[in-house]
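Analysis of the macromolecular model
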Amino acid sequence: MSLARRTVLLLVLAPALPLAAQEASPPPVTPAAGFTALDANGDGVVSRYEYDGDVFSVLDADGDQRLSAAELDAVLGRLAKDGPSASERIVVADLDRDGKLDENELRDAAEMRFTSMDRDGDGNLDEAEFANGFGVRVR
């Protein structure tokens, strides 16, 4: 999975976790690397269009149109030794409470996360807004 897609998924399902708490496998996503990966046109901001993407089909390894904890764990792993498991992170966006995420649940969670990070409401995330989404204070 590309760094850009892992970044979006990480922001959606594990907001504001300190980077120092992340484990080495898979490699941690840093705000700077994630920002650069998502800023496809290099204009210094991440637009809604750049933030949105086809993360779902990449993650849905078994093709059942649902993301399980095992599928998320394969990409994100446990973010901290004592941090939330993939199952615990799913609860945030699992509106029908079936223990898995469908594409709409993931998309809705991504939209809510983008909106919460876009502090100035301009429809774009600058580097400070993006870093703040990782729990890193820049301003």
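Residues numbered from 1 in each chain as written. Predicted model: local features only at pLDDT ≥ 70, side-chain atom pairs only at ≥ 80, totals over all residues. Heavy atoms only, no water.

What follows covers the overall build of the protein. Scanning the protein for helices and strands turns up eight helices and two strands. Order of helices (α) and strands (β) in the protein, N terminus to C terminus: α-α-β-α-α-α-α-α-β-α. Taken across its 139 residues, the protein has 45% of its residues classed as buried. When contacts within the protein are restricted to residue pairs at least 6 apart in sequence, those whose partners lie at least 24 apart make up 60%. For the protein, the accessible area works out to roughly 7100 Å², and carbon and sulfur atoms hold 54% of it. (Helix = DSSP H or I, 4+ residues; strand = E, 2+ residues; numbered from the N terminus. Buried < 20%, exposed > 50% of the residue type's maximum accessible area, 1.4 Å probe, protein only. Contact = heavy atoms within 4.5 Å. Areas by Shrake-Rupley, 256 points an atom, 1.4 Å probe, with all protein chains shown as cover.)

Let us look at the layout of surface pockets. Roughly 230 Å³ of volume is contained in the largest pocket. As for the largest pocket, its lining consists of 14 residues, of which Gly53, Val55, Leu106, Arg107 and Ala110 are closest to the centre. Elements supplying a minimum of two residues to the lining of the largest pocket: helix H1 (3–13), helix H4 (55–59) and helix H7 (103–117). Here the element with the most residues in the lining of the largest pocket is H7; it accounts for five residues. By residue class, the composition of the lining of the largest pocket is eight nonpolar, one polar and five charged. (1 Å grid on protein atoms, 1.4 Å probe; cavity = no way out; pocket = protein on both sides within 12 Å on 5 of 7 lines; lining within 4 Å. Points joined across faces, edges and corners; volume = space filled by probe spheres on them. Nonpolar A, V, L, I, M, F, W, Y, C, P; charged D, E, K, R; others polar.)

The final tally for this structure, using the stated rule, is two aromatic pairs. Centre to centre, the rings of Phe35 and Phe130 are 5.5 Å apart; their planes meet at 75°, and the pair counts as edge-to-face. A residue pair is termed long-range when its members are at least 10 positions apart, and Phe35 in helix H2 (residues 31–38) and Phe130 in helix H8 (residues 127–133) qualify at 95 residues. This pair shows no difference in class: Phe35 is buried, exactly as Phe130 is. (Phe/Tyr/Trp six-rings, centres within 6.5 Å; stacked < 30°, edge-to-face > 60°.)

Bringing the nonpolar core into the picture now. Counting residues in each nonpolar core, the largest one holds 29 residues, and the members touching the most others are Tyr51 and Leu106. Within the residue set of this core, elements represented by two or more residues are H1, H2, H4, helix H5 (69–76), helix H6 (86–90) and H7. A per-element tally of this core places H1 first, with six residues. If sequence neighbours within four positions are ignored, Leu106 has contacts with Leu9, Val12, Val55, Phe56, Leu67 and Leu101. (Core = buried A, V, L, I, M, F, W, Y, C linked by side-chain atoms within 4.5 Å.)

The final tally for this structure, using the stated rule, is six salt bridges. Arg66 is the partner of Asp96 in a salt bridge, and the nearest nitrogen-oxygen pair spans 3.1 Å. Linking Asp96 in the loop between H6 and H7 with Arg66 in the loop between H4 and H5, this pair joins segments that are 30 residues apart in sequence. When its relative accessible area of 39% is taken as the criterion, Asp96 is described as partly exposed. Taking the shortest distance from any N to any O, the salt bridge between Glu103 and Arg107 comes out at 3.5 Å. Pair noted here: Glu103 and Arg107 are both in helix H7, with a separation of four residues, about one helical turn. One salt-bridge network, held together by shared partners, links Arg66, Asp96, Asp98 and Asp102. (Salt bridge = Lys/Arg side-chain N within 4 Å of Asp/Glu carboxyl O.)

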